[in-house]
Amino acid sequence: MKPYALLLRSLAAAAAVLLGAMAVLVTLDVVMRNVGLGTIAWVNEVSEYSLPVATLLIAPWLLHRNEHVRLDVLLVSLSARAARVLEKTCDVLGIAICAVFVWYGIRLILDSARIGSMVVKTLAIPEWWQYALVPVCFSLLAVEFARRLRE
Amino acid sequence: MTWWLSAIVLFGVLTALFLVGLPAAFAFFGINIVGAWFYLGKEAGLVQLIRNGIVSITSFSLTPIPFFILMGEVLFHTGVAMKAIDAIDRVIWRVPGRLSVVAVVAGTVFSAISGSTIATTALLGSLLLPQMLRRGYHPNMAMGPIMAIGGVDMLIPPSALTVLLGSLAGISISQLLIAGIVPGVLLSLMFIGWIVLRALADPSLAPSFEHEEMPLWERLKPLILYVMPLALIFVVVVAAMAAGWATPTEAAAIGAVATVAVAWIYRALTLSNLMKALMGTAGISAIILFIIIGATTFAQILTFSGATNGMVEAVRDAGFGPWTVLIAMLLVLLLLGCFVDQVSMMLISLPFFMPLVALYGFDPVWFGVLFLICMQLGLLTPPFGMLLFTMKSVAPKEIAMRQVWHAVTPYVVMGLGALIAVMLFPPLATWLPKLLFK
């Protein structure tokens, strides 16, 4: 496997392990609560955060394998040449969209870190941690669209 | 800009992005970038767009989704699902159209364990379809029931899409999950009735074949060994939610861990198939969640552009009766279902529908079940029903798409029947949750 694919796959595997660990933790919390061992207060919150983290980690891998849901009605009914033009249009649009997310994602992180916003529930974490993966994920997605454009 | 012009522009651009073949999530990202720029205050709007997207999936009401999906993935990847089908196959004999009936029963059992319709259809299709065709079953008799029962998966809990609907529409997730049980089982029974009647009327559709003789215990043993524990997991998950011992997330997590434990007890669990199941889970969950990141802000933009209010007021001022509005909403859903995927269906329609549901005082759980049946039909209706493509991909090469459509038609009609039945007799949906959540 090429290093690039290996990177995407490792991120995806991290997402998979994270979700599995959450299932175990949530179960453990329920069991402990019911046998009177108290509760692990941060479990609910961490399982919430695991959703965006897992999603952003695995999204580039899914695009690499072309697994994101898409409507290919027009693509299959067009001539091969027209379909190719359409595919390229998609890739260009994809890169543009990702660029916006990377740029404004970084702005969001910097703004939030500058003000020092915190998310305070059971745990108190700097707000920008929530968004830290956004520029990473969308940069990889942009690379993936660019890779397709060259094919 | 008037509200209807905003609505036309927003939906027009969204449709165009869908049509060029951009993945659904990116189509929503694209329209949101445009919408956020104009309606949410240029650059500040774009920053807000990203913040909203991430916050929208940082939600405890969505956490059951990966866990429900994990239950199904573990069964498929460890091969426990196959053992369960064999067990069901063994206890159903001397029934006209036997293998088709097996498909429906096995599909119903899986619905009760897995949260993913496509996995159910793919598994039953690749396992039972070749066997049926080899035995001389008519392709309609072979493919129809498998696709139909895959759709029912959405109604019978645990169901990832039901969790999503409850979360996005603000309907009680536990009640909605449980409300799907009666209509789901009813549909399964209708399917079995139809198969038996067809096979009786024309035995050549499903030639009967000798089934090996065996003592009753031999027949029942695999059922007790491989199906009962799965049924037990289902009961525990549903009971834990209904009794209020656990939130849907907790019930789902317990279900997932129990499923892994069962696979381990059967000595079917390996590190490699557990990892496959987890990867599958993360993939399916992320596909759903990624579209939500894209689409949450879409609802907000529709509100800011005045499109939502404009539409709701226009409907109210037109003085339509509640039935007209309800039927119109369901028709819109059926139409959407022919073209877009289930998650996009919810995200496009709910911003308009839920205010109308509140305005007309419809019971949200009842409306939710009607919505689910429409989504289920959307999986089966040409040209873009997802399960039609799933079936086509596992069916032998010589079977054409037209034949797949033909096979599913009677089941779509039965689904419409169920939709009308639940519409006219709301207790079909609301009786069980009312009974359990006093």
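Preceding block: the structure.
Just so it is clear, the model here is predicted, and its values are computed rather than measured. (Residues numbered from 1 in each chain as written. Chains lettered and ligands numbered in written order. Predicted model: local features only at pLDDT ≥ 70, side-chain atom pairs only at ≥ 80, totals over all residues. Heavy atoms only, no water.)

### Focus on the interface of chain A and chain B
Line of reasoning, step 1. With 56 residues of chain A at the contact, the number on the chain B side is 51 residues.
Line of reasoning, step 2. Run the count over chain A and chain B and you get 3 salt bridges.
Line of reasoning, step 3. For A:R107, the salt bridge goes to B:E43, with nearest N and O atoms at 3.4 Å.
Line of reasoning, step 4. Seen at the junction of chain A and chain B, the total is 6 residue pairs in polar contact (both at pLDDT 80 or more).
Line of reasoning, step 5. Of all elements in the fold, only α1 (3-34), α2 (43-64), α3 (73-77), α4 (80-115) and α5 (133-150) of chain A reach the threshold of two or more residues within the side of chain A that touches chain B.
Line of reasoning, step 6. No other element matches α1(A), which puts 16 residues into the side of chain A that touches chain B.
Line of reasoning, step 7. Counted by class, the side of chain A that touches chain B contains 39 nonpolar, 9 polar and 8 charged residues. (Contact = heavy atoms within 4.5 Å. Salt bridge = Lys/Arg side-chain N within 4 Å of Asp/Glu carboxyl O. Polar contact = N/O pair within 3.5 Å; in protein donor to acceptor, adjacent residues only side chain to side chain. Helix = DSSP H or I, 4+ residues; strand = E, 2+ residues; numbered from the N terminus. Nonpolar A, V, L, I, M, F, W, Y, C, P; charged D, E, K, R; others polar.)

### As for the side chain of B:S188
Residue and element names in this part refer to chain B.
Line of reasoning, step 1. As for its position among the elements, S188 is in helix α11 (residues 181-201).
Line of reasoning, step 2. On the basis of relative accessibility, which here comes to 4%, the residue S188 falls in the buried class.
Line of reasoning, step 3. One polar contact links S188 to T108, side chain to side chain, over a distance of 3.1 Å.
Line of reasoning, step 4. In this view, S188 contacts V104, T108, I149 and V152; residues no more than four positions away in its chain are not counted. (Buried < 20%, exposed > 50% of the residue type's maximum accessible area, 1.4 Å probe, protein only.)

### Digging into the side chain of B:N52
Residues and elements named next belong to chain B.
Line of reasoning, step 1. Tracing the backbone shows N52 in helix α3 (residues 42-57).
Line of reasoning, step 2. What makes N52 buried here is its relative accessible area of 16%.
Line of reasoning, step 3. Not counting the four nearest positions on each side in its chain, N52 is found in contact with T297 and Q300.

### Side note on the pattern of salt bridges
Line of reasoning, step 1. Scanning the entire structure with this criterion turns up 7 salt bridges over all chains.
Line of reasoning, step 2. A salt bridge links B:E250 to A:R33, with the nearest nitrogen and oxygen atoms 3.1 Å apart. Linking B:E250 in helix α13 (residues 248-265) with A:R33 in helix α1, this pair reaches from one chain into another.
Line of reasoning, step 3. According to the relative accessible area criterion, B:E250 is buried, its value standing at 3%.
Line of reasoning, step 4. On the basis of relative accessible area, A:R33 is assigned to the partly exposed category, the value being 34%.
Line of reasoning, step 5. Here A:D111 and A:R114 are joined by a salt bridge, their closest N and O atoms 3.5 Å apart.

### Digging into the packing of aromatic side chains
Line of reasoning, step 1. One pass over the structure, following the stated rule, counts 19 aromatic pairs over all chains.
Line of reasoning, step 2. For the pair B:F367 and B:F371, a centre-to-centre distance of 6.1 Å together with 75° between the ring planes defines the contact as edge-to-face. One end of the pair, B:F367, and the other, B:F371, are both in helix α18 (residues 364-380), 4 residues apart, so they sit about a helical turn from each other.
Line of reasoning, step 3. Judged by relative accessible area, B:F371 falls into the buried class, the value being 1%.
Line of reasoning, step 4. Ring-pair connections join several aromatic residues into one group, and the members of that group are A:F101, A:F138, A:F145, B:F26, B:F29 and B:F290. (Phe/Tyr/Trp six-rings, centres within 6.5 Å; stacked < 30°, edge-to-face > 60°.)

### Quick word on the nonpolar core
Line of reasoning, step 1. Residues A:F138, B:F28 and B:F290 are the most contacted members of the largest nonpolar core, which totals 213 residues.
Line of reasoning, step 2. In terms of residues, this core owes the most to one element, helix α14 (residues 271-304) of chain B, which gives 16 residues.
Line of reasoning, step 3. Look past the residues within four positions of B:F28 in its chain and what remains in contact with it is B:L14, B:F18, B:I291, B:G294, B:A295, B:F298, B:S344, B:L347 and B:I348. (Core = buried A, V, L, I, M, F, W, Y, C linked by side-chain atoms within 4.5 Å.)

Bear in mind that shape data such as this cannot, by itself, settle questions of function.
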